[in-house]
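# Fold and geometry: a report
Read off the chains here:
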Amino acid sequence: MTTTQAPAATARRRRTPRTWVKNGGLTALAFALPMILIFTVFSWGPIVRSVVMSFQKTNLLQPAEFVGFDNFIAVLNDPLLGTAVLNTLYFAALALVMGFPIPILMAVLMSEVRRGKGIYSALAYLPVVVPPVVAVLLWKVFYDASPNGVLNTVLGWVGIGPQPWLQSQAQAMPSLVIEATWAAAGGSIIIYLAALLAVPPELYDAAEVDGASIWRKAWHVTLPQLRGVIFVMLILQILATAQIFLEPFLFTGGGPVNSTTTVLLLIYRYAFQNSLGGNYGMATALSVMLAIFLALLSWIYFRLTARWSTS
Amino acid sequence: MTTETTTPAAQRAGSAALAGGVDTRRSRPLRWRKRRGPMIEDSRGIVSETDLRQPRVRRGMRVVHVFLSVTLVLAGLGPLLWLAKAAVTPTQDTLREPFALWPNGIDWANLSTAWNDIHIDQYFFNTVVIALGAWVFQMLIATTGAYTLSVLKPRYHRVLGSLVLATLFIPSVVLLVPLYLTVVSPPFLGRDYSLLNNYLAVWLPMAANAFNILLVKRFFDNLPREVIEAAQTDGAGPFRLFWSIILPMSKPILGVVSVFAVIAAWKDFLWPLLVLPDPAVQPLSVRLPAVQSQTELDVFLAALAIATIIPVVMFLLFQRVFLRSAGLGGAVKG
Amino acid sequence: MSIGRRTAAVGATLAASAMLVTACSSDGDPDTTPTSGGSAEAASGTIELRVATFPPGADEAAYEAFATQEAQFEEANPDIDVIGVEYEWTGPTFAVQLAGGSLPDVFTVPFTDSKTLLENGQLMDVTAEVDALGYSDRFNPIILDGVTDADGNIFGFPRQAYAMGLHYNRDLFEAAGLDPDNPPATWDEVREAAKAIADTTGKAGYSQMAINNTGGWQLTAQTVSRGGRTQVDNGDGTYTSSISNAGTKATLEFLHDVKWEDNAFGAKVDLDWGTINQEFAAGNLGMFTSGSDVYTALVRDFGMDPDQYGLTVMPLEGDDPGTLGGGDIAVVSPTVDESTKAAAVKWIDWYYMQKLMNEDAAKADAQALADSGQAVGTPVLPVLSRELYDESQQWIAEFVNVPQEQMTPFTENIWDQTPVGEPKGKTQEIYALLDPVVQAVLTDESADIDALLTQADQDAQALLDQ
């Protein structure tokens, strides 16, 4: 420590603009500048501004005024907030139940087949390539609630009557999750598949020497090897579902009866849906609250991935 | 995972998902290598060759094959095939018998109507422009930024690096409103220089992507220092080093970042919706929902089909890009 | 769905209903960007005037009609270069477009929002111009009141009004054994007809908008037609919510019965102004209520077969029933300079006003619309006097291309109905609040209507007291 610090200290003492340029300071700055500028204007600045704005009342036209915690209080008093939080949790929970085990199962099966991994992966990944907006609009057609609707026709083949899908308070959210799962499962499958194919074959060989059955190998070799990636995917899924917006926005606009109004949709409404000027204060206040929660999650995620990638 | 490509934050989460899988693997500089995973047909899994000799297991594997084929074709290909069919089917046929194959003939005119009347061509072009610009800016910032942080290392690089990394923890939902107001009225410039309806409003915020910088920086960190030192001894200045040594050695990771950048820009919805209110400059993702209620179903489905075809074709190209980068990366690493 | 569609539904309605006359886009060639076209030729000395045009997705022919009119105007005013900008009144983006300078110089806003905009100082004062044109005492005073502030300053040109009507599909009526020339006159008859249509054709007999504020809008309209009012204007700038009234309750019970007792509502309970038009135009819907002038959009933007179209007045019942009306005003962006403002007023006068009062202008306008296959003769309400309106209908009689005989149940009876304006206090916010009430009745067979109304009433009052 002391040995490295000493020269640095002398260097600092002798530093002049001339030596700074000579030592490449200017070139380094030239390379750093685009990043610094972009991040200042489009990342750091807005982050700070968001926090400031959450304590302000502003409508773009009149100068902003500080209102203390009024925005936070207004948000917390909004009867829709509870609905939105519960809906978001419901979406997250449904997405976990439907969307989490399926890709793992599919990936495990796909990693076992001797032929066709490539074609299976391509098929699985295809929905991910469809632009999300197109996917939602297409599924909106599928969810046609009339007896001749696409999905209702399919249900009819197996003797199930027509379902209301998006037209029902009870079914709207599950419908959103089904589409979201369809649209995203492929990406997860590919990630799990990659993790599975990276499991060292020696581990299986060793287990076989001990006479392990297929099930025992799956339980004692495969799953432990996947633990890390499963956990990461879990956190990422929670992060993504907490910010779910596209599906409720395009499928239902938050209805029926606010049964699909999510937190992000509420933020959007505060900011952009009021007909004559947004309530940016309330929007940023809710954003800040959500962000603190999510930042905590991403911090956990980062700590864990950092640990895994260094261990 | 749910697809969330609506906000810059969500994109970050999305790409982070890909990286997440990657991060857990140890071969740090070559995380894209995983992409090759699915193509490896000879690696072994739970079921061994010995297991396969049991008839019970072989039957099981056949069941697995059937299950995978049926499920993946139905779920992965099914909806797209239906879309392809419906795109050239008259509205009433689609409404009455969604699964009948052209009971009243094929209506090819849907496609041209969609292309000409909904102006898919123009919005497609806009989408391409947005994706290309986003790619240029993201590459520029990611490579110069990573070069600063990994190679040049000015004395403030630690602070800078932490500040950039810190933004990874800030979900971009928090940016939505202030970033929007920044675009409406850029700092120091004011409303007269509003970036609304200007593609810069999409490109520049996308370039502030810490994830890309992290990805490229880690790759740079793992480049052989001897090569860099040798170049410096040969008198290569920082610009030459960057352009002629570092970048050519980094093609694999640049390919990965490119793919992320283009896909993210292609999929983005909420942000362009907000900052590009003028329909003439909007991308497909924003336009398609906007015209839905004024468009007859068959034409609308044709428009959806056209909007889908392009990324699907590109997907095939992406696969090759990934393969090639994997190959190149293996060589560098080797 | 665009933000616009998703939001100020009423706004969208009006903007689109405004279509009859608003017909305007840039150079009529949507292939070029709306803002490009004429601007290229803008020599020094000419004023570039950006004017509002159609909402997204409008028909090619609409642009042709606009191009013709644009050329006529530019010929008469060589110093003004008109640039059409695709436009739709989308509440949410208004403040931002205003701040960001992307708003057209001339655009239209619905009556319901003009008061608020005016109070926020978001509209240009055009008192002097209205006076100079001599319109001040020609407007229907009730309508002019909506664009006048406390000091008597005028902030816009009322240019079109509509009344709510019941639109029905004649083919479905016939298929169900109903007489299309004798449409339902009471809500009970509407219910019976809806059931007959649903039972015989399997299509939706009657539907109603329920999302993006249109649910609240239509609930209010039907409340009024049953003698109820959702809001009381105290006359001192304060308002009292009266959502929990017999008319609103009867409306919700009607919806409940059509949906759950008769099974005649159809499967879609998430329709708004655009999507209900789409359903109706596609022949999937027997009846719905909307502005009387929606025919134009139905045929032009949604491809409806004119032969199927029928229009009658809203059935009235209860004490003091009326027909909810609305309309929009042409306004000038508050940020333009003096010369642009003068050009803007010229355009408004030429494009929106003259055809209402000047025979030649009316004919030229009708001709331009008719030549490009646009609807001429869709029923609207006069913003000037009724006499002038009737007279103007004579002028353009030869160009009328809408099936007016299929609209006689409306045109012959509308004058007997009492026009009622939309609630003034927090109009859009309260419409938004009422959407879930409508949705609740349509998605929950055992929804407690009284409880819903009590809650909505409280929430609305809380909004009004803010």
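Criteria and cut-off values
- Residues numbered from 1 in each chain as written.
- Chains lettered and ligands numbered in written order.
- Predicted model: local features only at pLDDT ≥ 70, side-chain atom pairs only at ≥ 80, totals over all residues.
- Buried ≥ 20, exposed ≤ 12 C-beta atoms within 10 Å, placed from the backbone.
- Helix = DSSP H or I, 4+ residues; strand = E, 2+ residues; numbered from the N terminus.
- Pairing = 2+ DSSP bridges.
- Contact = placed C-beta atoms within 7 Å.
- Nonpolar A, V, L, I, M, F, W, Y, C, P; charged D, E, K, R; others polar.
- Core = buried A, V, L, I, M, F, W, Y, C linked by C-beta atoms within 7 Å.
- Domains from an automatic or database assignment.
- Axes fitted to C-alpha atoms, helices over the stretch in contact; angles between N-to-C directions.
- Left-handed = near helix turned anticlockwise from the far one by under 90°.
- Parallel < 35°, antiparallel > 145°, perpendicular 65-115°, else oblique.

All names here are of chain C. For strand 8 (residues 285-291), the tally of buried residues reaches seven of seven residues, placing the bulk of the element in the interior. Relative to strand 8, strand 4 (residues 157-169) runs antiparallel, the two sharing five bridges. Across the sheet, Met-164 pairs through a bridge with Gly-291, a residue of strand 8.

Let us look at the pairing of strand 10 (residues 323-332) of chain C. Residues and elements named next belong to chain C. For strand 10, a buried count of ten out of ten residues is recorded, marking the element as mostly surrounded by other parts of the structure. Because side chains alternate across strand 10, one face comprises the buried residues Thr-323, Gly-325, Gly-327, Ile-329 and Val-331, and the other comprises Leu-324, Gly-326, Asp-328, Ala-330 and Val-332, equally buried. The pairing of strand 3 (residues 106-110) with strand 10 spans five bridges and is antiparallel. Across the sheet, residue Val-109 finds its bridge partner in strand 10, namely Ile-329. Where strand 10 lies against strand 11 (residues 419-420), two bridges are found, and the strand directions are parallel. Across the sheet, the residue bridging to Leu-324 is Val-420, located in strand 11.

With 103 residues of chain A in contact, the opposing surface of chain B contributes 96 residues. Here the residues of the side of chain A that touches chain B sort into 72 nonpolar, 25 polar and six charged.

Now for the nonpolar core. If you look at the biggest cluster of nonpolar residues, it comprises 182 residues, and the most contacted ones within it are Ile-267 of chain A together with Ala-303 and Leu-304 of chain B. Here this core spans two domains, since at least three of its residues come from each of domain 1 (2-53) and domain 2 (70-310) of chain A. Once residues within four sequence positions are removed from consideration, Ala-303 of chain B is found in contact with Ala-114, Ile-118, Ile-120 and Leu-288 of chain B. With 134 residues, the next largest nonpolar core counts Trp-89, Leu-311, Val-336 and Ile-396 of chain C among its residues.

So, about the environment of Ala-76 of chain C. Take Ala-76 of chain C: it is sitting in helix 4 (residues 60-76). Judged by the 10 C-beta atoms lying within 10 Å of it, Ala-76 of chain C is exposed.

Here we come to the domain arrangement of chain A. When its domains are assigned, chain A resolves into domain 1 (2-53) and domain 2 (70-310). The C-alpha-based centres of domain 1 of chain A and domain 2 of chain A are spaced at 40 Å.

We now examine the packing of helix 4 of chain C against helix 16 (residues 359-371) of chain C. Residue and element names in this part refer to chain C. One can describe the packing of helix 4 onto helix 16 by two numbers: an axis separation of 8 Å at closest approach and a directional angle of 145 degrees. Classified by chirality, the crossing of helix 16 by helix 4 is right-handed. Facing helix 4, whose interface residues are Ala-65, Thr-68, Gln-69 and Gln-72, helix 16 presents Ala-364, Ala-368 and Leu-369. Its residues placed into classes, the contact of helix 4 with helix 16 shows four nonpolar, three polar and no charged.

Before going further, it helps to spend a moment on the packing of helix 6 (residues 120-152) of chain B against helix 7 (residues 157-166) of chain B. Between two packed helices, the angle of one axis relative to the other and the distance separating the axes together describe the packing. Residue and element names in this part refer to chain B. Taken N-terminus to C-terminus, the directions of helix 6 and helix 7 make an angle of 135 degrees; their axes are 9 Å apart at the nearest point. Relative to helix 7, the element helix 6 is oriented oblique. Judged by the twist between their axes, the crossing of helix 6 over helix 7 is left-handed. Note on element contacts: helix 7 touches helix 6 through His-157, Leu-160, Gly-161 and Val-164, opposite Gly-145, Thr-148 and Leu-149. Here the residues of the contact of helix 6 with helix 7 are counted per class, giving three nonpolar, four polar and no charged.

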